[in-house]
Amino acid sequence: MSSDEVWNCVECDAVYDDVRRMDGVLLRRRPFPPADQRWAGASGEAGVEHAVTYEATLCGIDRDAVIVMRHFWSAAKPGACAECRTVADGRVARWPAETGR
């Protein structure tokens, strides 16, 4: 018997999951997803889309001040916030998709 847990990485604000046995033994940890699958998109001012975490956008706007979208944020999309892109690039450099943590 196992339990699935979803974790939010405090350092990079990415969501990833663990599957553990009921006694806490780690069975599987999914590696961090690619950068365009780590953060939800959020609409901001005049067509700018931000990467949003549980508390704020990567560029520092409070989560309550934006509208969270039902899709992932991507730095490659037109209108992606440049400051969110810079922060995302730094976090992805520290925790690339292929690393399991």
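Look up a bit, the structure's there.
One numbering rule holds for all chains: residues counted from 1, following each sequence as written. Local features in this predicted model are restricted to residues of pLDDT 70 or higher, and side-chain atom pairs are both shown and tallied only at a pLDDT of 80 or more, whereas totals for entire chains, interfaces and linings draw on every residue. Only hydrogens and water are removed before side-chain values are computed, so all heavy atoms of the structure are retained for them.

Draft legend 1. Summary view of the nonpolar core. Only buried residues count toward a nonpolar core. Its members are Ala, Val, Leu, Ile, Met, Phe, Trp, Tyr and Cys residues joined through side-chain atoms within 4.5 Å. Here the term buried applies to any residue with accessible area under 20% of the maximum for its type, exposed to any over 50%, and partly exposed to those in between, with areas from a 1.4 Å probe on protein chains only. With nine residues, the main nonpolar core is built from Trp39, Ala51, Leu58, Cys59, Trp73, Ala80, Cys81, Cys84 and Ala88. Contacts are residue-level and defined by heavy atoms, with any inter-residue pair within 4.5 Å sufficient. Sequence-distant contacts of Cys84, that is, excluding residues within four places in its chain, are made with His50, Ala51, Thr57, Leu58, Cys59 and Trp73.

Draft legend 2. Representation of the pairing of strand S5 (residues 49-52) in the model. Going along the chain from the N terminus, every DSSP run of H or I of four or more residues is numbered as a helix, and every run of E of two or more is numbered as a strand. With burial as the criterion, each face of S5 is covered, one bearing Glu49 and Ala51 and the other bearing His50 and Val52. We treat two strands as partners when DSSP finds at least two bridges between them. Here strand S4 (residues 40-43) pairs with S5 via four bridges, running antiparallel. What sits directly across from Ala42, in S5, is His50. Linking S4 to S5, which pair antiparallel, is a turn of five residues; within it Ala46 sits at a positive phi near 35°.

Draft legend 3. Spotlight on the packing of aromatic side chains. Between rings of Phe, Tyr and Trp, where Trp is taken as its six-membered ring, a pair exists when centres lie within 6.5 Å; planes separated by under 30 degrees are stacked, by over 60 edge-to-face, and by other angles tilted. Enumeration according to the criterion identifies one aromatic pair in this entry. Seen from their ring centres, Trp39 and Trp73 are 6.4 Å apart, and the 70° between their planes marks the pair as edge-to-face. Separated by 34 residues along the polypeptide, Trp39 in the loop between strand S3 (26-29) and S4 and Trp73 in the loop between strand S6 (67-72) and helix H1 (82-94) bring together distant segments of the chain. On the basis of relative accessible area, Trp73 is assigned to the buried category, the value being 2%.

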